[in-house]
Amino acid sequence: MTFLLSHPDQDLIAHLSGVCEWALMLSANRQVSFWDSSTLIDTIKIVSLAHDFGKATPYFQKYIKDPAKKRGGPLARHALLSAIVGYWLAKHCFEDRQ
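Here the residue index of a chain counts from 1 through its sequence in written order. At least 70 in pLDDT is required for a residue's local features to be given in this predicted model, at least 80 for side-chain atom pairs to be given and counted, and no such filter applies to totals for whole chains, interfaces and linings, which use all residues. Think of the side-chain values as coming from all heavy atoms in the structure, minus any hydrogens and water.

### Section: the overall build of the chain
Going by this rule: Strands here are runs of E lasting at least two residues and helices are runs of H or I lasting at least four, both read from the DSSP assignment and numbered beginning at the N terminus. The rule is simple: take the accessible area with a 1.4 Å probe, protein chains only, and divide by the maximum for that residue type; under 20% is buried, over 50% is exposed, in between is partly exposed. To measure how exposed things are, a 1.4 Å probe is used in the Shrake-Rupley method; for residues, cover is taken only from the protein chains shown. We score Asp and Glu as negative and Lys and Arg as positive, and we do not count His or the chain ends. Charge placement uses NZ in Lys and CZ in Arg. For Asp and Glu, CG and CD serve respectively.
Counting its regular elements, the chain contains four helices and two strands. Beginning at the N terminus, the succession of helices and strands in the chain can be written as β-β-α-α-α-α. Across its three principal axes, the chain shows a C-alpha extent of roughly 50 × 25 × 25 Å. Classification of the 98 residues of the chain by burial places 29% in the buried group. About 7300 Å² of surface is accessible on the chain, with carbon and sulfur atoms providing 63% of the total. Computing the positive centroid from 11 side-chain charges and the negative centroid from 9, the chain places the two 11 Å apart.

Now the structure itself:
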């Protein structure tokens, strides 16, 4: 089985899950005046699980697995794709709550 990497020594799924758990732990018992707790929790889950989604592309995986490369080039950039996926997930998750 081939694992996707988020960092040279870390599995992508484990990284995303760990970030999500950490973010939820930090937000426990916090309130935001303009959101109910359910919306805050769902937002944290979406943002934390989508923040490195773009690292699943073959371009990024080739870059991360080749330590000789200093830069992966424009196709290995992951932030924009991750942001778009996070936006899409949030849009669909929250469209019934308006």
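### Description of the state of the cysteines
Selection rule: Disulfides are defined in this document as cysteine sulfur pairs within 2.5 Å.
Throughout the structure, instances matching the rule amount to zero disulfides. A disulfide-free cysteine, cysteine 20 has its sulfur positioned 12 Å from the sulfur of cysteine 93, the nearest such atom. Take cysteine 20: its relative accessible area is 9%, and that puts it in the buried class.

### Overview of the environment of aspartate 52
Rule in force here: Note on contacts: a residue pair qualifies if any of its non-hydrogen atoms lie within 4.5 Å across the two residues. Definition of a polar contact: a pair of N or O atoms within 3.5 Å, with one able to donate and the other able to accept a hydrogen when the atoms are protein atoms, and with sequence-neighbouring residues admitted only if both atoms are side-chain atoms.
Secondary-structure assignment places aspartate 52 in the loop between helix H2 (37-50) and helix H3 (58-64). Along the backbone, aspartate 52 and leucine 81 are 29 residues apart, and their C-alpha atoms lie at a distance of 8.6 Å. What aspartate 52 contacts, discounting residues up to four positions off in sequence, is Leu12, His15, Leu16, His78 and Ser82. For aspartate 52, the side chain forms a polar contact with the side chain of histidine 78, separated by 3.2 Å.

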